[in-house]
Amino acid sequence: MYKINKEAFRRYFFWGINNPEELLEGIMYFIYENDLFEYAQIKGKMTEEEIREAFIQKIKPLYKQYYRFVELNNKSQVLDYEQEDEKELEERIRNKIEMLRNSGGEEITQEQIQNEVLKERQKYERIYEQNKEHWSEEDKVKWSRESMQKVAKTRRELEERARKILIIKDNDISYSRAQRFKYAILPEGSITKEENQGKYIEYATYKKEDWNKKQIPNDLETWGEEPKNEQQNSNERIPDKLRHWTQVVSEILKTLDKVEKEDPKAYKDLWLRTRQNRAKNGTIPEISKEEIDWLDNACEELRKERLQEEKESKGEPEIE
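All figures in this text were calculated on a predicted structure; none of them were measured in a lab. (Residues numbered from 1 in each chain as written. Predicted model: local features only at pLDDT ≥ 70, side-chain atom pairs only at ≥ 80, totals over all residues. Heavy atoms only, no water.)

The next subject is the overall build of the protein. Regarding its fold elements, the protein presents 12 helices and five strands. Counting every position in the protein, which comprises 320 residues, the buried fraction comes to 42%. A separation of at least 24 residues holds for 80% of the contacts in the protein among residues at least 6 apart in sequence. (Helix = DSSP H or I, 4+ residues; strand = E, 2+ residues; numbered from the N terminus. Buried < 20%, exposed > 50% of the residue type's maximum accessible area, 1.4 Å probe, protein only. Contact = heavy atoms within 4.5 Å.)

Following this line, the structure appears as structure tokens:
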């Protein structure tokens, strides 16, 4: 079953996204977070270059869906969604990775680094004191050398985290603590309802009635705007968890990738009618009346075709 947050789809895809760089950073982060276990398994097995390229290939399917549903719908004279240049998309992702690798990371002071290094050194000294009576001179020298190397490594890693948002090196990929906190799920009460309004809310509601139907609906005009009774409105509140808006959009993009693979006609239907809504609300610059008419006809023809197929398979059409 396909599961899409209807309200979020209308909010972002029917009107476009005017901060694409933040969205790309969010897509990247949630790919990293969801595949963290997998990347943990490759430590010791992949070079820096191999990890970077694997990361790019995991990001690209979602970024391609963003390009088709958002960027293409910023342009007129587009009659089909398969317009992307895959090498260009990869290059955009690669440039963003390099930008994050060279951007400021955590706010770690030299005092904090010194304290962490001191703790690390004291830890190895305690181990030495506990074992020195049983160790040979050779073991003591070896331990002294290894402990100094490990303490030095701790300092280097902390200094690197203070300099970079994203770290990719042989056998490892990681984000700074500050960046991880930026995308963390927040508990209720950490943000007020007034702050959680507007098109580009920083955090999106966690518990929303999701679209959970296998078929793309026949009419997207009121999709996600189902009427609520007065009691529901008066009792409406922020749920107990909030997610960063880019996580919500990333989940929609992941579903779109799945729909494209499993139901191409439903995917084309959704893309066409998303573009149709963009045309209606005036967010496709310089689109002509002829193209709008073509869109209306294409949507209607595809709708009839899908309803006929549904009627043949079920005996009667399911009309929403």
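Turning next to the nonpolar core. Counting residues in hydrophobic clusters, the biggest one holds 59 residues, and the most contacted among them are Phe13 and Phe55. With 10 residues, helix H4 (residues 48-71) is the single largest residue contributor to this core. (Core = buried A, V, L, I, M, F, W, Y, C linked by side-chain atoms within 4.5 Å.)

It is worth spelling out the packing of helix H10 (residues 245-262) against helix H11 (residues 264-280) at this point. Running from N to C, H10 and H11 point in directions that differ by 130°, and their axes come no closer than 5 Å. In terms of orientation, H10 lies oblique with respect to H11. Contacts from Leu256, Val259, Glu260 and Glu262 in H10 reach Pro264, Ala266, Tyr267 and Leu270 in H11. (Axes fitted to C-alpha atoms, helices over the stretch in contact; angles between N-to-C directions. Parallel < 35°, antiparallel > 145°, perpendicular 65-115°, else oblique.)

The description of two packed helices rests on the angle between their axes and on the distance between the axes. Packing of H4 against H10 leaves a shortest axis separation of 9 Å and a crossing angle of 90°. Here H10 runs roughly perpendicular to H4, going by the angle between their axes. Contacts between H4 and H10 pair Pro61, Leu62, Gln65, Tyr66, Arg68 and Phe69 from the former with Ser250, Leu253, Lys254, Leu256, Asp257 and Glu260 from the latter. In terms of residue class, the contact of H4 with H10 is made up of six nonpolar, two polar and four charged. (Nonpolar A, V, L, I, M, F, W, Y, C, P; charged D, E, K, R; others polar.)

As a further point, take the environment of Glu98. Assignment of secondary structure puts Glu98 in helix H5 (residues 86-101). Between the alpha carbons of Glu98 and Leu166 there is a distance of 8.6 Å; along the sequence they are 68 residues apart. A polar contact of 3.2 Å, which involves the side chain of Glu98, links it to the side chain of Arg101. (Polar contact = N/O pair within 3.5 Å; in protein donor to acceptor, adjacent residues only side chain to side chain.)

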